[in-house]
Amino acid sequence: MSETAGDTRPEAIRIEGLHKSFGQLEVLKGVSLMAREGDIVAVIGGSGSGKSTMLRCINFLETPSAGQILIGGEAVATRPDGSPANRRQIERIRQSLGMVFQQFNLWSHKTILENLIEVPVHVLRVPKDQAVARAERLLARVGLAEKAGVYPAFLSGGQQQRAAIARALCMEPRAMLFDEPTSALDPELVGEVLAVIRDLAAEGRTMMLVTHEMKFAREVASHVVYLHNGQIEEQGPPEAVFGNPQSDRLKQFLRSVG
Amino acid sequence: MLALTASSTLELLQYSPPGWGANLLRGLMNSVLIALGAFGLGAVIGVGGAYGKLYGGPVLRDLLAIYTTVVRAVPELVLILILYYAVTDAVNQILLGLGQDRIQISGFAAGIAVLGIVQGAYATEVIRGAILSVPGGQVEAARAMGMPAGLLARRITLPLMLSAALPGLANLWLIATKDTALLAVVGFGELTQETRQAAGATKAYFTFFMAAGGLYLALSISSGWLFARAERWARRGQPELRG
């Protein structure tokens, strides 16, 4: 997100003039945002500010009403109604963006290992032994090596979310999208998931993170975006946004979340 | 006298003539094959119908609504008579018009087609409901990973809906096995027809219809066992719920 002149890192995700309406309700009112490779963009904002919708528009889980999405400089081709025009292109772009959901969304009829290798083996055509080796490495990394053969329903929420992160990583994505990854977790399970995300941040992975964890956002983000009422109200480096907020709304928001 | 009755009963049910056992078993085999064919055809129609009703355009949805409404409203016996006689007649009229010879539609193929169309209408509703019970987030996760729609249906949605669909599909299978008896009206040699012939020829009505009832019962009990196993498999990964 660094707009500093001379930043030559390639751009990873660019959102231009994004609008999204659900019927009469306009949730996003022209959002533009860019993340370069290695950026960690934290998106904060109140309930209903449009932050999750914005994230879901990036991989077209929601169809933008207007605006453009560019991944790695490549614009996603759209029809006049905003839906992806080219099935192969959108599938390829989705494969390059690892998405982590609030509700984990692991496939309940597959074991953790099967969850991890499903798309690599059946969509990306990675040889099965390679996919399994990669999956086992990632499971060890998120501390779930001994849970490979277990079905998701038998894991805690924190373990499921760590497995979901490993599943996204198994695709070797260009960037990770986190949609409130700790909001559905019991408080004592939040830390283990944040530790995994922090670990990914430390290796310089490009991430866009919608979160309510202000302390965490301040700690890991390279850039913080405050969304209010479908528009970017304020943005900047975390020290500025959290340490020296300019707008009254952001000041009020930061007070309210403590 | 009693001993004589018992031994003559056994004789009547013997596998080889003068016993009629081979005929009954041939009838049972035909019934099972037709039920399998009809159930399979019904399941295929059901998956297509359910996806059509859920995600199809307005025209397709209307056509499917007409199909499920009409087929479920008209008695199977009437449908069998319509499809067997009327369709045979129509096909032959067309063939004659084209200067071809008349054909005789095999009772076997017609049986599978008719019962399959009936099964398809019920299966459409069973599977539509089961697809709606699949957690949307799990489907969304697959979409977000760039899984193509066909693969997503085959590897995620359909396996996930199976545990909800199987009890309804098990009902449909049992109905299919018994509906094969309706094909007796078009003279097809399934279990009921074979039983009627054996009973008529020997006047041992009680013996043969009891034997047929026993065979239907054995079929339904073994199917119940198979479906229970299938359901356990389809529910893998789901913790058991005890109310």
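Rules behind the numbers
- Residues numbered from 1 in each chain as written.
- Chains lettered and ligands numbered in written order.
- Predicted model: local features only at pLDDT ≥ 70, side-chain atom pairs only at ≥ 80, totals over all residues.
- Heavy atoms only, no water.
- Contact = heavy atoms within 4.5 Å.
- Buried area = accessible area lost by both parts, 1.4 Å probe.
- Salt bridge = Lys/Arg side-chain N within 4 Å of Asp/Glu carboxyl O.
- Polar contact = N/O pair within 3.5 Å; in protein donor to acceptor, adjacent residues only side chain to side chain.
- Helix = DSSP H or I, 4+ residues; strand = E, 2+ residues; numbered from the N terminus.
- Nonpolar A, V, L, I, M, F, W, Y, C, P; charged D, E, K, R; others polar.
- Expected span 1.5 Å × (residues − 1).
- Buried < 20%, exposed > 50% of the residue type's maximum accessible area, 1.4 Å probe, protein only.
- Arc of directions from axis to C-beta.
- Pairing = 2+ DSSP bridges.
- Axes fitted to C-alpha atoms, helices over the stretch in contact; angles between N-to-C directions.

A closer look at the interface of chain B and chain A
Part 1: With 20 residues of chain B at the contact, the number on the chain A side is 26 residues.
Part 2: Among the residues chain B hides against chain A, the three largest losses belong to Ala144(B), Met145(B) and Arg155(B). Together they make up 29% of the total.
Part 3: Where chain B touches chain A, the interface holds two salt bridges.
Part 4: Glu118(A) serves as the salt-bridge partner of Arg155(B), at 2.4 Å between the closest nitrogen and oxygen.
Part 5: Summed over the shared surface of chain B and chain A, the number is nine residue pairs in polar contact (both at pLDDT 80 or more).
Part 6: Counting residues per element, the side of chain B that touches chain A draws most heavily on helix H6 (residues 136–144) of chain B, which supplies seven residues.
Part 7: Residue composition of the side of chain B that touches chain A, by class: 12 nonpolar, four polar and four charged.

Section: helix H6 (residues 187–202) of chain A
Residues and elements named next belong to chain A.
Part 1: With 16 residues, H6 extends 23 Å from end C-alpha to end C-alpha; this agrees with the ideal 22 Å at 1.5 Å per step.
Part 2: Among the residues of H6, those classed as buried are Leu189, Val190, Val193, Leu194, Val196, Ile197, Leu200 and Ala201. One side of H6 carries all its buried residues, which in axial view fall inside an arc of 155°. Within H6, the exposed residues directed more than 90 degrees away from the buried face are Glu188 and Ala202.
Part 3: Tucked into the core, H6 has its buried residues touching strand S3 (40–45), helix H4 (128–141), helix H5 (157–169), strand S7 (175–179), strand S8 (206–210) and helix H7 (214–220).

Some remarks on the sheet that holds strand S4 (residues 66–71) of chain A
All names here are of chain A.
Part 1: As summarised here, the arrangement of the four strands in space is S2-S1-S4-S5, forming an open sheet in which the pairing is antiparallel. Each edge of the open sheet carries a strand with a single partner, namely strand S2 (25–36) and strand S5 (74–75).
Part 2: In this structure, strand S1 (residues 11–22) lies alongside S2, joined through nine bridges in antiparallel fashion. Paired with phenylalanine 22 across the two strands is leucine 25, which belongs to S2.
Part 3: Docked against the sheet, helix H1 (residues 51–58) engages S1, S2 and S4, running at close to 120° with respect to S1.

As for the sheet that holds strand S10 (residues 231–236) of chain A
All names here are of chain A.
Part 1: With mixed pairing, the six strands of this open sheet are ordered in space as S6-S7-S8-S3-S9-S10. Both edges of this open sheet fall to strand S6 (97–100) and S10, since each of them pairs with a single strand only. Mean inter-strand twist for the sheet, computed between neighbouring axes without regard to direction, equals 15°.
Part 2: Where S6 and S7 come together, four bridges link them in parallel fashion. Across the sheet, residue valine 100 finds its bridge partner in S7, namely phenylalanine 178.
Part 3: Of the strands in this sheet, S6 and S7 are in contact with H5, which crosses S6 at around 170°.

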